[in-house]
Amino acid sequence: MATRRLPPLRALEAFVRTVRLGSARAAADELGLSPSALSRRIGNLEEFVGKKLFTRARQSMQLTDDGHAFYEAVNPHLESLARAVESQSENLSLLRLHLGVLPLFGTQRLFPRLGELRARHPLLHIDIDTGPHLEDRVGDVLDAAIILSRGPERGLHAVRLDYNKVHAICSKELREKLGDAPSQDLLTKQTFMIHNELPESFSAWKAEIGMPDLEPAAIDHFDSGQIMLEAAAQGLGIAIMHDDHMRRAHDSRLAQVFDVEVESPYSYWFVCKPTALEERPVRLFHDWLVGAGL
């Protein structure tokens, strides 16, 4: 039986790196290549497969439809190859990822799905850090983080994980007292609760309900969304949070104040240093997270 001809592996690496980083320049920097050398490698791969994988214009490279299809077809097999080599290695060892996560994201979205990741990559183990200032510690004590932000700092590899609406959430008992459309006078007598990671959400909500000058009796600040939800359920105030938080809580004690659609200034983002994607634990988690649609 004739041996199948293998694709140029360095060219394949250049292609996959460009797709994952979303930038030919970043891929060239990580591979220690000039942009023209990277382009030549990808050109060799295009010649091998007989298809244009990227369009090129003014130093910009965008995936074609064929390029998308090629990546989706090849990427799982590359991971399978890596796992196969891993399983036969005499230097078999655990892969360790130091990940920063906000507690509510971890509880509601990450941990319910981590079993899938463990089944797929049994050697990957994750140290979880729920401390403050996660973004600032990426590249130092953290390999990567999932943050709540208007937009990560430049220089980080970032993947936006969602888009959200702002909700005002309280106990059903308090909701009944407030009614369907509480007046500004009534709301000024309430305590509002704001997450430290969502400082501008309250302003967005007030503007949307037509009460930009609303000054409540008190504003309590929290660094834990999970505790905020419990405080709201216990009738301790009105929590300004994301619709996703309320929906995933599945807490029958909670209700929404005003039925309004308020675009949140904030989203969850996965962030790491671009070079960290070279580290197998970071890349495995990144690829799983994006594919899992958390």
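Right above here is the structure, for reference.
In this report, the structure presented in the accompanying data block is examined. (Residues numbered from 1 in each chain as written. Predicted model: local features only at pLDDT ≥ 70, side-chain atom pairs only at ≥ 80, totals over all residues. Heavy atoms only, no water.)

It is worth spelling out the packing of aromatic side chains at this point. Throughout the structure, instances matching the rule amount to 10 aromatic pairs. Taken together, a centroid distance of 4.8 Å and an interplanar angle of 55° make the contact between Phe-105 and Tyr-268 tilted. Of this pair, Phe-105 sits in helix 5 (residues 103-110) while Tyr-268 sits in strand 12 (residues 267-272); the two residues are 163 residues apart in sequence, bridging distant segments of the chain. The buried category is assigned to Tyr-268, whose relative accessible area is 2%. Members of the aromatic cluster, each reached through a chain of ring pairs, are Phe-15, Phe-54, Phe-70 and Tyr-71. Of note, Lys-206 hangs over the ring of Phe-202, and the distance from its end group to the ring centre comes to 4.7 Å. (Phe/Tyr/Trp six-rings, centres within 6.5 Å; stacked < 30°, edge-to-face > 60°. Helix = DSSP H or I, 4+ residues; strand = E, 2+ residues; numbered from the N terminus. Buried < 20%, exposed > 50% of the residue type's maximum accessible area, 1.4 Å probe, protein only. Lys NZ or Arg CZ within 6 Å of the ring centre and 35° of its normal.)

Two elements in contact, helix 5 and helix 11 (residues 225-233), have axes whose closest approach is 6 Å; the angle formed by their N-to-C orientations is 85°. Considered as vectors, helix 5 and helix 11 are oriented roughly perpendicular to each other. Residue-level inspection shows Leu-104, Thr-107 and Gln-108 of helix 5 in contact with helix 11, the latter providing Gly-225, Gln-226 and Leu-229. In the contact of helix 5 with helix 11, the residues fall into two nonpolar, four polar and no charged. (Axes fitted to C-alpha atoms, helices over the stretch in contact; angles between N-to-C directions. Parallel < 35°, antiparallel > 145°, perpendicular 65-115°, else oblique. Contact = heavy atoms within 4.5 Å. Nonpolar A, V, L, I, M, F, W, Y, C, P; charged D, E, K, R; others polar.)

Further remarks concern the sheet that holds strand 6 (residues 157-160). A sheet is described by the order of its strands in space; here five strands give the open sequence 4-3-5-12-6, paired in mixed fashion. At either end of the open sheet lies a strand with only one pairing partner, and these are strand 4 (124-129) and strand 6. When the angles between neighbouring strand axes are averaged without regard to direction, this sheet yields 25°. In this sheet, strand 12 lies alongside strand 5 (residues 144-149) in antiparallel orientation, the contact comprising six bridges. Directly across from Ser-149, in strand 12, lies its bridge partner Ser-267. The sheet contacts of helix 5 involve strand 3 (95-101), strand 4, strand 5 and strand 12, and relative to strand 3 the element is tilted by about 115°. Strand contacts of helix 13 (residues 280-292): strand 3, strand 4, strand 5, strand 6 and strand 12, with the helix running at about 55° to strand 3, the strand carrying the most contacts. (Pairing = 2+ DSSP bridges.)

Of the residues making up helix 2 (residues 24-31), those classed as buried are Ala-24, Ala-27, Ala-28, Glu-30 and Leu-31. Buried residues of helix 2, viewed axially, fall in a sector of 165°; they line one side. Tucked inside the fold, the buried residues of helix 2 contact helix 1 (9-21), helix 3 (35-49) and strand 2 (60-63). After helix 2 finishes, the residue Gly-32 shows a positive phi value of roughly 70°. (Arc of directions from axis to C-beta.)

Next up on the list: the sheet that holds strand 7 (residues 166-171). The pairing of strands in a sheet comes from backbone hydrogen bonds and takes either a parallel or an antiparallel form. In spatial order, the strands read 9-8-10-7-11; together these five strands make up an open sheet with mixed pairing. Whereas interior strands pair on both sides, the edge strands pair on one side only; in this sheet they are strand 9 (218-222) and strand 11 (254-257). Strand after strand, the sheet turns through a mean of 35° between neighbouring axes, direction not considered. Here four bridges tie strand 7 to strand 10 (residues 238-242), and the two strands are oriented antiparallel to one another. Counted as the bridge partner of His-167 is Met-241 from strand 10.

Here we come to unusual backbone geometry. Positive phi is not limited to glycine here, since His-133 has a value of about 55°. Looking at the element boundaries, His-133 is found in the loop between strand 4 and helix 7 (134-137). If you check the backbone angles, His-250 has positive phi at about 50° while not being a glycine. Inspection of the secondary structure assignment puts His-250 in the loop between helix 12 (243-249) and strand 11. Take His-250: its relative accessible area is 71%, and that puts it in the exposed class.

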